[in-house]
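Letter by letter, the chains look like this.
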Amino acid sequence: MRRVLRPALVLLAVAAAAAAAPTPASASEALQAGQEAVVRSAPDCLSLREGPTLAAARIQCVPDGTTVTALGERRPADGYDWERVELDGVTGWMAAIYLEAVAAEDDGEPEAAPGGGDNGDNGDDGGTGNGGTGNGGTDTGSDGGGGTGVLPVPPPGGLTLGRAGTSDVQALVAAQRFDVAAVFLYRIATQDYLRYLPGAPPVVNTLGSPSLTAESIVLMRRIGERGGQVAAPEAPDEEIRGTPNVLPSPPQQGLTLGISGTNDPVALAEAQPFEVRSIALLHVPTQRQLVYIPGAPSFVQSLERGVLQPDSVVWMRAGSVPTSGGTVVEATFSYYYCEQGTIPRGIGDGGGWCGAMANGEVVHAGAAACARGSLGQRFRIVGDPLDRIYTCTDTGSAVRGQHRDIWFQNSDDGRLWLDQVGDRGRIEILGGG
């Protein structure tokens, strides 16, 4: 089973080697970033250490048969080759001699998208961004005129990412200077992927123009065979530049992504309104995932000032996400609207609501239809790309329990919003008006 189907960030490392184990002269072939491996040290457990040495503190002792995720970094010390790995959001170093690589399967999802798990995971793209992506790449961003985005060219079999610049996924694929195997978009609100495989039947492709916008950040895989590991980039010595962007708040412990706005990962983490567990960047030329973890010692930080650029696309893993002290509950969502748009699947029986609501007011942005007992209640939707506070000012016979029917002026706006949020999620109830 591959973890890449779940948006999880790739982090620090796992260290290990039982103290009583014989000292090997060499270890197995280095693991690729994102590749899984099984601990084979029975009957003993395998140490996961803070650093690549027997002197490093033990984080935990991992039982035989446990699967860990490699982070693509290996170092020799004390007669062992140490592999940097991640396990359930914890990273450290393990003795590579006791790790058995798991053969990768081609499941169509990105193998190692840059991300920010508990300490560096992976993810895909979502919908924010302005301009292109540095990411250590060659070409950046879109073509400069608001047209189709031309992404940095990755090595064969590799990943790249940047701003789409268009809502036409076929035009996006055609604009690239490499053969595209797949396009992915990560939805922050629902924490899942939409994908487009060129030439695949419509039933396979879930990414299209209703969800893809010119501002979306997309991840692409290039056709070809992956090469070997390339050395990590050197961080130039430079002053802090740019102004950190505030990224969309993800759900608790979730992933978000966007354009950095600065070359300093410390400033970027401090600018967010939520706890940042990790920041990750996919360095396109080397295909390395570089990670910054707030509060971690310098020797574990691979994402540094200068490697990060103001136009870089970054992933973040959130810890706690502050709320306004309200109650968070599960809810389902739909939308109703005043005017009919042009997206066929966005048009339904919720149209024509342009007049007065149950409270006597005329419908407006931020209005919601709720169960009658919730009239007057204010709430926000966790992961809402609009970041609005809604008020239950309307109701209806089909609106029961914790269902929320959100009003939009145009059906297209409602459809695009629901594609991002999904039809179920969490709301924070803020109380009356």
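Calculation rules
Residues numbered from 1 in each chain as written. Predicted model: local features only at pLDDT ≥ 70, side-chain atom pairs only at ≥ 80, totals over all residues. Heavy atoms only, no water. Core = buried A, V, L, I, M, F, W, Y, C linked by side-chain atoms within 4.5 Å. Buried < 20%, exposed > 50% of the residue type's maximum accessible area, 1.4 Å probe, protein only. Helix = DSSP H or I, 4+ residues; strand = E, 2+ residues; numbered from the N terminus. Pairing = 2+ DSSP bridges. Axes fitted to C-alpha atoms, helices over the stretch in contact; angles between N-to-C directions. pLDDT = per-residue confidence, 0-100. Contact = heavy atoms within 4.5 Å. Salt bridge = Lys/Arg side-chain N within 4 Å of Asp/Glu carboxyl O.

Enquirer: Would you mind going over the nonpolar core with me for this structure?
Expert: Within soluble globular proteins, side chains that are nonpolar generally end up buried alongside one another. With 20 residues, the main nonpolar core has Leu-161, Leu-219, Leu-257, Val-313 and Trp-315 as its most contacted residues. Taken together, the elements giving at least two residues each to this core come down to strand E10 (159-163), strand E11 (180-187), strand E13 (217-222), strand E14 (255-259), strand E15 (276-283) and strand E17 (313-318).

Enquirer: Sorry if this is basic, but what is going on with the sheet that holds E17 here?
Expert: Within a sheet, each strand pairs with its neighbour through backbone hydrogen bonds, oriented either parallel or antiparallel. The 4 strands lie next to each other as E14-E17-E15-E16, forming an open sheet whose pairing is antiparallel. Strand pairing shows two members of the sheet lacking a second neighbour, E14 and strand E16 (288-292), which therefore form its edges. Across the sheet, the axes of successive neighbouring strands diverge by a mean angle of 25°, strand direction being ignored. Both E14 and E17 contribute to a ladder of 5 bridges, which runs antiparallel. The residue bridging Thr-256 from the neighbouring strand is Met-316, located in E17.

Enquirer: So what exactly am I meant to see when it comes to the sheet that holds E11 here?
Expert: Overall, antiparallel pairing links the 4 strands, which are arranged E10-E13-E11-E12 in an open sheet. In this open sheet, the two strands that pair with only one neighbour each are E10 and strand E12 (192-196). Within the sheet, the average angular offset between the axes of one strand and its neighbour, ignoring direction, is 30°. The sheet contact formed by E11 and E12 spans 5 bridges and is antiparallel. Residue pairing across strands places Tyr-186 opposite Tyr-193, the latter belonging to E12.

Enquirer: How should I be thinking about the side chain of Arg-187 in this particular structure?
Expert: Mapping Arg-187 onto the fold places it in strand E11. The class of Arg-187 is buried, set by a relative accessible area of 13%.

Enquirer: What should I look at first to understand the confidence of the model for the protein chain in this one?
Expert: Note: predicted coordinates in regions of low pLDDT should not be interpreted at a detailed level. Taken over all residues, the pLDDT of the protein chain has a mean of 79, while the share at 70 or more is 80%. Throughout residues 136-146 the model reports pLDDT below 50, and contacts reaching past four residues in sequence, or to other chains, amount to 30 contacts.

Enquirer: Looking at this structure, I do not really get the pattern of salt bridges. What am I missing?
Expert: Where side chains of opposite charge bring their charged atoms close, a pairing between them can arise. Within the structure shown, the criterion is met by 11 salt bridges. A salt bridge links Glu-73 to Arg-75, with the nearest nitrogen and oxygen atoms 2.7 Å apart. We note a salt bridge from Arg-74 to Glu-83, for which the minimum N-O separation is 2.6 Å. For Arg-74, a relative accessible area of 22% puts it in the partly exposed group. Overlapping salt bridges, with partners in common, bring together Glu-73, Arg-75 and Arg-84 in one network.

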